[in-house]
Amino acid sequence: MGSHRRIVVLTGAGISAESGVATFRGPDGLWEGHRVEDVATPEAFARNPALVQAFYDARRARLAEVAPNAAHLALGRLDAAWPGELLIVTQNVDDLHERGGARRLLHMHGELKSAWCTACGTRHRWEGPLRHNPPCPACGAQRLRPDIVWFGEMPYAMDRILHALGQCDLFIAIGTSGQVYPAAGFVETAREVGAHTVELNLDRSAMSNRFHERRLGPAGTLVPALVEELLA
Ligand code: APR
């Protein structure tokens, strides 16, 4: 492990599960009681903005009740100590990577703690609720939406992510079901440039057979062990 220099880490909902944040694809196929298409699409927001805002307001408020777990903290340690290139790409919209010390981090699906004004385009750090339509601090319009990449929208920072994948020699995916593109395709991009690929997940995912190496178990145990190997 220690011979690698340029690492890309992809994380999904599974890394936050042990912190008490619900994953998307639970056994019942519902996301905290809702069908994904009722809360996580632009059409859902156009149809029922109050429902969608209340849903994300609840997720945002919940962040105050959860804390980074051993997996987030281990990646924070890796970020601080790793002398080579590193990019941590998360599909998660929580702030647990930041609170775990990660700095070389991209939120490809947006962030709960960001609000995006659909009138002037400005993004604002946001802690409170949006369901009462507060005015945009920049332009005053009452058209703030959660700064979340919904189904059918383009993920953020794809140019930086593809650049890092094109140069990496180690690709690690943690706690993601491999069902949502483009993230599910990152393992192929990394393989094309000859990177070693490792999956850490509780169960086998849709992409498991595409990885050179698989480790099954909870992220809170597997990630600290992998980080120790990398830093040894
Ligand atoms: N440790 C490791 N892996 C875990 C743990 C755990 N403690 N708990 C669950 N997992 C695994 C599950 O086995 C599953 O494979 O994490 C994965 C979570 O999968 P999803 O819920 O599908 O989450 P994710 O892959 O991040 O979803 C991708 O889909 O709904 C959209 O935009 C949303 O970013 C999200 C994207």
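Residues numbered from 1 in each chain as written. Predicted model: local features only at pLDDT ≥ 70, side-chain atom pairs only at ≥ 80, totals over all residues. Heavy atoms only, no water.

A. Looking closely at the overall build of the chain. Assigned secondary structure in the chain consists of 9 helices and 9 strands. For 232 residues, the compact-globule estimate of 2.2 N^0.38 gives 17 Å, and the C-alpha radius of gyration of the chain, at 18 Å, lies within 12% of that figure. Projected onto its principal axes, the C-alpha coordinates of the chain cover approximately 50 × 40 × 30 Å. In the chain, of all internal contacts separated by at least 6 residues, the share reaching a separation of at least 24 is 62%. Looking at the chain as shown, the accessible area adds up to about 10,600 Å², and 53% of this sits on carbon and sulfur atoms. Computing the positive centroid from 24 side-chain charges and the negative centroid from 26, the chain places the two 2 Å apart. (Helix = DSSP H or I, 4+ residues; strand = E, 2+ residues; numbered from the N terminus. Rg over C-alpha atoms; globule rule 2.2 N^0.38 Å. Contact = heavy atoms within 4.5 Å. Areas by Shrake-Rupley, 256 points an atom, 1.4 Å probe, with all protein chains shown as cover. Lys, Arg positive; Asp, Glu negative; His and termini not counted. Charge placed at Lys NZ, Arg CZ, Asp CG, Glu CD.)

B. Quick peek at empty space enclosed by the protein. Counted by the stated rule, this structure contains 3 cavities of 30 Å³ or more. Empty space within the largest cavity amounts to approximately 90 Å³. Among the residues making up the lining of the largest cavity, the classes are represented as 9 nonpolar, 5 polar and 1 charged. (1 Å grid on protein atoms, 1.4 Å probe; cavity = no way out; pocket = protein on both sides within 12 Å on 5 of 7 lines; lining within 4 Å. Points joined across faces, edges and corners; volume = space filled by probe spheres on them. Nonpolar A, V, L, I, M, F, W, Y, C, P; charged D, E, K, R; others polar.)

C. The sheet that holds strand β1 (residues 6-11), seen in detail. The strand order across the open sheet built from 6 strands is β3-β2-β1-β7-β8-β9, with neighbouring strands paired in parallel fashion. Edge positions in the sheet fall to β3 (105-107) and β9 (213-216), since each of these pairs with one other strand and no more. Strand-to-strand twist across the sheet, computed as the mean angle between neighbouring axes with direction ignored, equals 15°. The sheet contact formed by β1 and strand β7 (residues 170-174) spans 5 bridges and is parallel. The partner of Leu10 across the bridge, within β7, is Ala173. Set on the sheet, helix α7 (residues 158-167) makes contact with β1, β2 (85-90), β3 and β7; between it and β2 the angle comes to about 130°. Strands β1, β7, β8 (196-201) and β9 of the sheet are contacted by helix α9 (residues 219-231), whose axis makes an angle of about 165° with β7. (Pairing = 2+ DSSP bridges. Axes fitted to C-alpha atoms, helices over the stretch in contact; angles between N-to-C directions.)

D. Helix α5 (residues 70-81), seen in detail. Across its 12 residues, α5 extends 16 Å between first and last C-alpha, which sits within 8% of the 16 Å expected from 1.5 Å per residue. If you check which residues of α5 are buried, you get Ala71, His72, Ala74, Leu75, Gly76, Leu78 and Asp79. Along its buried surface, α5 packs onto β1, α1 (14-17), β2, α6 (96-99), β7 and α9. The opening residue of α5, the one whose side-chain oxygen lies 2.7 Å from the backbone nitrogen of Ala71, is Asn69. (Expected span 1.5 Å × (residues − 1). Buried < 20%, exposed > 50% of the residue type's maximum accessible area, 1.4 Å probe, protein only. Polar contact = N/O pair within 3.5 Å; in protein donor to acceptor, adjacent residues only side chain to side chain.)

E. Focus on the pattern of salt bridges. Per the stated rule, a full pass over the model turns up 16 salt bridges. Among the salt bridges present, the one from Asp79 reaches Arg104, with a minimum N-O distance of 2.7 Å. Separated by 25 residues along the polypeptide, Asp79 in helix α5 and Arg104 in the loop between α6 and β3 bring together distant segments of the chain. On the basis of relative accessibility, which here comes to 7%, the residue Asp79 falls in the buried class. Judged by relative accessible area, which is 27%, Arg104 ranks as partly exposed. For Asp147, the salt bridge goes to Arg123, with nearest N and O atoms at 2.9 Å. One end of the pair, Asp147, is in strand β6 (residues 144-148); the other, Arg123, is in strand β5 (residues 123-125), and 24 residues separate them in sequence. Residues joined by salt bridges that share partners form a network here, namely Asp95, Arg99, Lys113 and Glu127. (Salt bridge = Lys/Arg side-chain N within 4 Å of Asp/Glu carboxyl O.)

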